[in-house]
Amino acid sequence: MPRGQELSAQTIVRIAKLRSSPKLLEKCFLIISCSDGNPVVRAVKMFGEALGERVDSERGKIDLERTTFDLEESLLNYQPVILACEGKLPSSQLTQFTAIQAILDSIGSSAKIIHLVDFGVKTGLHWSIMIQGLASRGHSPPQLLKITALGSSKERLEETGRRLSSFAESMKLPFLFRSVVAEIKDVDLQLFEAEFHESVVVYSGLHLWSQLACPNSLASFVQFVKKLNPCVMVVNEFEANTNTSVYIDRLYGALPFTIAMFDCLDTCLKGEATYRKIVEEVFIWDMIRSISAAEEEERTYRHALQRSVF
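Basis of the calculations
- Residues numbered from 1 in each chain as written.
- Predicted model: local features only at pLDDT ≥ 70, side-chain atom pairs only at ≥ 80, totals over all residues.
- Heavy atoms only, no water.
- Phe/Tyr/Trp six-rings, centres within 6.5 Å; stacked < 30°, edge-to-face > 60°.
- Helix = DSSP H or I, 4+ residues; strand = E, 2+ residues; numbered from the N terminus.
- Buried < 20%, exposed > 50% of the residue type's maximum accessible area, 1.4 Å probe, protein only.
- Pairing = 2+ DSSP bridges.
- Axes fitted to C-alpha atoms, helices over the stretch in contact; angles between N-to-C directions.
- Contact = heavy atoms within 4.5 Å.
- Right-handed = clockwise from strand over helix to strand, strands pointing away.
- Core = buried A, V, L, I, M, F, W, Y, C linked by side-chain atoms within 4.5 Å.
- Expected span 1.5 Å × (residues − 1).
- Bend = angle between axes of the 7 residues up to and from the residue.
- Salt bridge = Lys/Arg side-chain N within 4 Å of Asp/Glu carboxyl O.

Colleague: Help me get a handle on the packing of aromatic side chains, residues and values and all.
Modeller: The geometry of an aromatic ring pair is captured by the separation of the ring centres together with the interplanar angle, meaning the angle of the planes. Under the definition given, this model contains 8 aromatic pairs. Here F119 and F221 contribute two aromatic rings whose centre-to-centre distance is 4.9 Å and whose plane-to-plane angle is 85°, an arrangement assigned as edge-to-face. Within this pair, whereas F119 is found in strand 1 (residues 113–119), its partner F221 is found in helix 9 (residues 215–228), the two being separated by 102 residues in sequence. Each ring, one from F238 and one from F257, has its centre 5.4 Å from the other, and the planes form 70°; the classification is edge-to-face. Highlighted residues: F238 in the loop between strand 5 (232–236) and helix 10 (247–268) and F257 in helix 10, separated in sequence by 19 residues. Exposure remark for F238: the relative accessible area of 34% places this residue in the partly exposed category. For F257, a relative accessible area of 11% translates into the label buried. Grouping aromatic residues by their ring pairs yields a cluster made of F119, F192, F221 and F224.

Structure representation (structure tokens):
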């Protein structure tokens, strides 16, 4: 790491330890203002801004609770950006292809009615791959593929349903899409209308992290999934140590994790600078701000290592 970048990261850690030195914040921003704007510097700059908010909050200058971020609304407003990321980020493609292959292998060729329960569906783009795979199953296509998608935005769920239904129709695959507008903590078995003759599949993509703020909710969710009696469950989550209550440990866990995300976006979204900036300045910024500036129940973004969750 070049000296300017290394010094920026070290300054961030020093600020985090002291948490009351505006002069150190000024020093950090002075260093990065002369840099080339590479992924490390951009990430460090955002951490510096978040730490500045934390200092101002502790001094009573701002109220962090007044600044809210609606993730569901942002996902809806930036659909082209999300689609571009899903199509170009290898990490997204790899996890989705692996998940779909695991599902197809588990249900086998004898399953006639497949009921896919998706907790936290976003664009649903990856399910078009599964639709295509089932439609080309040759002599034993399924009688029906049913997707029940959970989310808090009715508009976004309906848009996803229309897109997938249109694609399934073009592939001549019998298809049914159902929307369940609810939070994970409020799920009820009756909402999903699972029947005994269905091959139930459960998928959760980058959504369980939202349950780590309340461990009881995560345990209740696992118990609920057992009641669905799925033939396979696929979970796709980030692994990072940002769920600790020790602030400096949380920062040490978040810095490399975030810098890796910035580096990936820089490499994979070349020529898409506008999209990259939106992902960084809207979605990743909200995560950095939550991890760095908020505490207790205000800290909504939490990630953990797999062994510490299950």
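Colleague: Hey, could you go over the sheet that holds strand 4 (residues 199–205) for me, with residue numbers and the actual values?
Modeller: Strands in a sheet are paired, the pairing made by backbone hydrogen bonds, and the direction either parallel or antiparallel. The 5 strands lie next to each other as 3-2-1-4-5, forming an open sheet whose pairing is parallel. One side of each edge strand has no neighbouring strand; the edge strands of this open sheet are strand 3 (175–181) and strand 5. If you compare each strand with its neighbour and ignore which way they point, the axes differ by 15° on average. Note: strand 1 against strand 2 (residues 144–151), 7 bridges, orientation parallel. Bridging across to strand 2, I114 finds its partner in L145. Docked against the sheet, helix 7 (residues 127–135) engages strand 1, strand 2, strand 3 and strand 4, running at close to 170° with respect to strand 1. The sheet contacts of helix 8 (residues 154–170) involve strand 2 and strand 3, and relative to strand 3 the element is tilted by about 175°.

Colleague: Hey, could you go over the environment of E49 for me, with residue numbers and the actual values?
Modeller: Along the chain, E49 turns up in helix 3 (residues 39–58). Exposure remark for E49: the relative accessible area of 31% places this residue in the partly exposed category. The spatial distance from the C-alpha of E49 to the C-alpha of I288 is 9.4 Å, given a sequence separation of 239 residues.

Colleague: Requested: an account of the pairing of strand 1, with residues and values cited.
Modeller: Taken across its 7 residues, strand 1 has 7 buried, putting it largely inside the fold. Alternating residues of strand 1 divide into I113, H115, V117 and F119 and I114, L116 and D118, and every residue in both groups is buried. Between the parallel elements strand 1 and strand 2, the chain passes through helix 7 in a crossover that is right-handed.

Colleague: With reference to specific residues and values, describe the nonpolar core.
Modeller: Ranked by size, the top nonpolar core spans 31 residues in total, and within it I284 and I288 carry the most contacts. Elements supplying a minimum of two residues to this core: helix 3, helix 5 (79–88), helix 10 and helix 11 (273–293). In terms of residue count, helix 11 provides more of this core than any other element does, 9 residues in total. Counting residues in hydrophobic clusters, the runner-up holds 25 residues, among them I103, I147, L164 and L173.

Colleague: An account of helix 8 is needed here, citing residue identities and associated values.
Modeller: When the terminal C-alpha atoms of helix 8 are compared, their 24 Å separation across 17 residues agrees well with the 24 Å that a helix rising 1.5 Å per residue should span. Just downstream of helix 8 lies K172, where phi reads positive at about 60°.

Colleague: Would you mind going over helix 11 in detail, with residue names and values included?
Modeller: Where helix 11 bends most, the angle comes to about 40°, and this point is I284. Burial analysis of helix 11 places 16 of its 21 residues in the buried class, which makes it a mostly covered element.

Colleague: Any details on the pattern of salt bridges? Residues and values, ideally.
Modeller: Within the structure shown, the criterion is met by 12 salt bridges. The residue R162 makes a salt bridge to E159 at a minimum N-O spacing of 3.0 Å. Placement of the pair is R162 and E159 together in helix 8, with a separation of 3 residues, close to one helical turn. Several salt bridges converge on common partners, so that one network encompasses R42, D266, R276 and E280.

Colleague: Quick one: what's the story with unusual backbone geometry, residue by residue and with numbers?
Modeller: One non-glycine residue with positive phi stands out, namely L206, at about 50°. Following the sequence through the fold, L206 ends up in the loop between strand 4 and helix 9. Of note in the backbone geometry, N229 takes a positive phi value of approximately 55° without being a glycine. Structurally, N229 can be placed in the loop between helix 9 and strand 5. Overall, N229 belongs to the exposed group, its relative accessible area being 61%.

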